[in-house]
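Spelled out from the first residue to the last, the chains are:
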Amino acid sequence: MWWAYYILVGETAICFILIVLSYMPVVIQRPIFNLISKINFAYIQQIVFAILACLAGMFVHALHTASKHGHHEHNGSEQTMKDKMFHDNKRLRAERNSYICFGCLFLFLVLVQLWVLLKKFILLQKEGELKDSKIVRLQALEKQVKNNQSGAGLMKMVEEQEKSKDKAAGKGGGGG
């Protein structure tokens, strides 16, 4: 159970990094979000469930060990005092392990929720950027259509003026 402590430290570090990420400037956030959005495991639900089952099993084992080394009767002799100290030490270690395992279990659930929320946030942010780019494109198309319509009207007026000038020039050139 000694490695449960290192799992707890690793989970704490990852959780801290993900929480601090929200307070970083956008210049730093964007590449990290792009990296996170590209991470995709095929069997992520099975992996999460397996880790959750292992952590829950470790927690139950630590509780069982703590209850096994509970209070023992003693008669006051020196041998029983050593046994009592031995069992107390084992009980304290088992209780410590149960606290560490529970911390790992809780922090793992928090970490999974943070991951899910971060993925949703990245997805919504991309959808928002797509909508913004579509709106900008639609506005640009509307401007082009308006310009084309007013430009087409302007071009018709210019063509009509040129035709009237040509007719006027043709009448003046042939008669004179």
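Here is a short report on the structure shown in this document. (Residues numbered from 1 in each chain as written. Predicted model: local features only at pLDDT ≥ 70, side-chain atom pairs only at ≥ 80, totals over all residues. Heavy atoms only, no water.)

**Examining the overall build of the protein chain**
Here is step 1: The helix and strand tally for the protein chain stands at four helices and zero strands.
Here is step 2: Per-residue burial for the protein chain yields a buried fraction of 18% across its 176 residues.
Here is step 3: Summing over all exposed atoms, the protein chain offers an accessible surface of approximately 13900 Å²; the carbon and sulfur share of this is 66%. (Helix = DSSP H or I, 4+ residues; strand = E, 2+ residues; numbered from the N terminus. Buried < 20%, exposed > 50% of the residue type's maximum accessible area, 1.4 Å probe, protein only. Areas by Shrake-Rupley, 256 points an atom, 1.4 Å probe, with all protein chains shown as cover.)

**As for the layout of surface pockets**
Here is step 1: For the largest pocket, the calculated volume is near 610 Å³.
Here is step 2: For the largest pocket, the lining is made up of 21 residues, of which F41, I44, V48, V112 and W115 are closest to its centre.
Here is step 3: When residues of the lining of the largest pocket are traced back to their parent elements, those giving at least two are α1 (2-21), α3 (44-68) and α4 (78-175).
Here is step 4: When residues in the lining of the largest pocket are grouped by element, the largest group, seven residues, is from α3.
Here is step 5: Tallied by class, the residues present in the lining of the largest pocket amount to 17 nonpolar, two polar and two charged. (1 Å grid on protein atoms, 1.4 Å probe; cavity = no way out; pocket = protein on both sides within 12 Å on 5 of 7 lines; lining within 4 Å. Points joined across faces, edges and corners; volume = space filled by probe spheres on them. Nonpolar A, V, L, I, M, F, W, Y, C, P; charged D, E, K, R; others polar.)

**Focus on the pattern of salt bridges**
Here is step 1: Within the structure shown, the criterion is met by two salt bridges.
Here is step 2: Here D88 and R91 are joined by a salt bridge, their closest N and O atoms 3.6 Å apart. Placement of the pair is D88 and R91 together in helix α4, with a separation of three residues, close to one helical turn.
Here is step 3: R91 gets classed as buried once you look at its relative accessible area, which sits at 18%.
Here is step 4: In this structure, R91 and E95 form a salt bridge, with 3.2 Å as the shortest nitrogen-oxygen distance. With a gap of four residues between them, R91 and E95 both fall in helix α4, about one helical turn apart.
Here is step 5: Here the salt bridges share partners, and the residues they tie into one network are D88, R91 and E95. (Salt bridge = Lys/Arg side-chain N within 4 Å of Asp/Glu carboxyl O.)

**Remarks on the packing of aromatic side chains**
Here is step 1: One pass over the full model with this rule turns up one aromatic pair.
Here is step 2: Ring geometry for F59 versus F102: centroids 5.6 Å apart, planes at 45°, classification tilted. One end of the pair, F59, is in helix α3; the other, F102, is in helix α4, with 43 residues separating them in the sequence.
Here is step 3: Exposure remark for F102: the relative accessible area of 46% places this residue in the partly exposed category. (Phe/Tyr/Trp six-rings, centres within 6.5 Å; stacked < 30°, edge-to-face > 60°.)

**Thoughts on α3**
Here is step 1: Taking 1.5 Å of rise per residue, 25 residues should cover 36 Å, and α3 covers 36 Å from first to last C-alpha, within 8% of that figure.
Here is step 2: If you check which residues of α3 are buried, you get L55, M58, F59, A62, T65 and A66. (Expected span 1.5 Å × (residues − 1).)

**Overview of a nonpolar patch on the surface**
Here is step 1: A cluster of nonpolar side chains, contributed by L35, I39, F41, Y43, I44, I47 and I51, occupies part of the molecular surface with about 660 Å² of accessible area.
Here is step 2: The leading source of residues in the nonpolar patch is α3, at three residues.
Here is step 3: Structurally, F41 is set in the loop between α2 (26-38) and α3. (Patch = residues over 30% accessible without salt bridge, like charges linked within 9 Å, V, L, I, M, F, W, Y side chains within 5 Å.)

**Examining α2**
Here is step 1: End to end, α2 covers 18 Å across 13 residues, agreeing with the expected 18 Å (1.5 Å per residue, within 8%).
Here is step 2: For α2, the complete set of buried residues consists of Q29, F33 and I36. Looking down the long axis of α2, one finds its buried residues gathered within 60° of arc, a one-sided arrangement. Exposed side chains of α2 directed beyond 90 degrees from the buried face belong to V27, L35 and K38. (Arc of directions from axis to C-beta.)

**Topic: the environment of C15**
Here is step 1: Within the secondary structure, C15 is located in helix α1.
Here is step 2: Of the residues examined, C15 reaches a relative accessible area of 7% and is grouped as buried.
Here is step 3: Measuring from C-alpha to C-alpha, the distance between C15 and W115 comes to 9.3 Å, with 100 residues separating the pair along the chain.
Here is step 4: Non-local contacts of C15, meaning those with residues more than four positions away in its chain, are made with L107, V110, L111 and L114. (Contact = heavy atoms within 4.5 Å.)

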